[in-house]
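# Secondary and tertiary structure notes
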Amino acid sequence: MSSMIRFPSSMFSLYSSSSFKSSLFPSNSSLFRFENSKNSLSSNVVYPFWNSNFAMENRSFSVQSASKTQDEAVAQDSSFQGSESFFRSVLASMEEVYLNKNPTAKAILELVHSADGDRICYDHFAFRTFGVNGHGIDSMSKFFLDFGYEQREELRFPAKKLKAFWFSPPKVSTSCRGSGINGPLPRIFISELLVDQLSPEAQDIIKKYTDISRCGKEYAALASAFGTLTWKKPMYSEFQQLAKESEYAAWTLVNGYALNHVTISTHRLTSSLRSIRNLNQFIEKNGFNLNSEGGVLKVSPDGLLLQSSTVADSTSFEFSDGITEAVPCSYIEFAERLVLPQYKDLPPEEVEEFHRRDGFEVGNADKIFESTSKDQLTRRAA
């Protein structure tokens, strides 16, 4: 499970790409280039680490919770735990792995940025985990909690044998008007499979690989940033066995702690695409398939949280028994959070994020999970 670090002759290479990427990443960011081992879904992945004037310094920042209730929106300040530049560089590495593996997400981000002409903000990042032997939600959440995130409500998905928690970000008091990773910190949504509710056969497969991982659960965020599994590659027959019982389990077996999806905050756009309905039409008109489970647009019962997502990309994966097959990767989501009724009379220019509907909705999320399902991928291929 080792990765070979390959340095260019100049030791470092500067990242250069489209105007979209230059807006998401600082122009002076340096990069390490890693060549992944075979248990990664991709190889020759680029990982950015900021090289700004304050990069890697152990500085503290005054923050305020961005996801309190409206009455707590002006709550007391607390300290960002550690270096903000380091934290954002880890998020940037997770994002870069995600973009390299998922061309649809990369293309849509570039398309939206080009059409909207302004910054793109992320609503949330989502991860999947195995709820067994310490490899569940806690393995990934520790990284975010250490840097000032707060655990919020639990969500349950009995039919899928899942549970999840979401985490609200610390709001850096200094102005954060950047785009993408350099913009407002995203919420974090982490789910876990309730492994003990699966069949003994499925449990044995999952426990086999989490046992191999051993202390890998302590480095979930690192594995996500490097784009590698913390266990060895599985056999194709094991992947098939899990897929019959839980497509979530099969996905996690071959993707590990990889970023499952990022979500564009549509209401933070400036053009007509700020309406998620307009954005959905725009995306479909440009040839991309949206997850149709429960309807393209998923709406919370209160009508204030609107979500949609693409169908996941697929990639070739070489299993340990030498079989190579296509497996689902990740997708991109879109979320529009409407203004809460008590703030409906606020002038638009005065509306802040805490004036809008916060949190997540089980019904919406349940349908969004289907973005990696065989039914949706088959529809995409057709």
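First, a word on what this report is: a plain description of the structure on this page. (Residues numbered from 1 in each chain as written. Predicted model: local features only at pLDDT ≥ 70, side-chain atom pairs only at ≥ 80, totals over all residues. Heavy atoms only, no water.)

## Notes on the overall build of the protein
Looking only at helices and strands, one finds eleven helices and 17 strands in the protein. Counting every position in the protein, which comprises 382 residues, the buried fraction comes to 55%. Restricting to contacts in the protein with at least 6 residues of sequence separation, those with at least 24 account for 71%. Carbon and sulfur atoms make up 49% of the accessible area of the protein, which amounts to about 16100 Å² in all. (Helix = DSSP H or I, 4+ residues; strand = E, 2+ residues; numbered from the N terminus. Buried < 20%, exposed > 50% of the residue type's maximum accessible area, 1.4 Å probe, protein only. Contact = heavy atoms within 4.5 Å. Areas by Shrake-Rupley, 256 points an atom, 1.4 Å probe, with all protein chains shown as cover.)

## Description of the sheet that holds strand 8 (residues 150-157)
Pairing within the open sheet is mixed, and its eight strands lie in the order 8-9-11-7-12-17-14-13. Because the sheet does not close on itself, it has two edges, and the strands there are strand 8 and strand 13 (298-299). Strand direction decides the pairing type here: strand 12 (residues 261-265) and strand 17 (residues 331-337), joined by five bridges, are parallel. Opposite Thr263, over in strand 17, you have Glu333 as the bridge partner. Along the sheet, helix 2 (residues 84-101) makes contact with strand 7 (122-130), strand 12 and strand 17, crossing strand 7 at roughly 75°. (Pairing = 2+ DSSP bridges. Axes fitted to C-alpha atoms, helices over the stretch in contact; angles between N-to-C directions.)

## Side note on unusual backbone geometry
At Asn133, a residue that is not glycine, the phi angle is positive and equals roughly 50°. Tracing the backbone shows Asn133 in the loop between strand 7 and helix 4 (137-146). The exposure class of Asn133 is partly exposed, given its relative accessible area of 40%. Positioned with a positive phi, Lys161 is a non-glycine residue whose angle comes to about 60°. Tracing the sequence through the fold places Lys161 in the loop between strand 8 and strand 9 (162-168).

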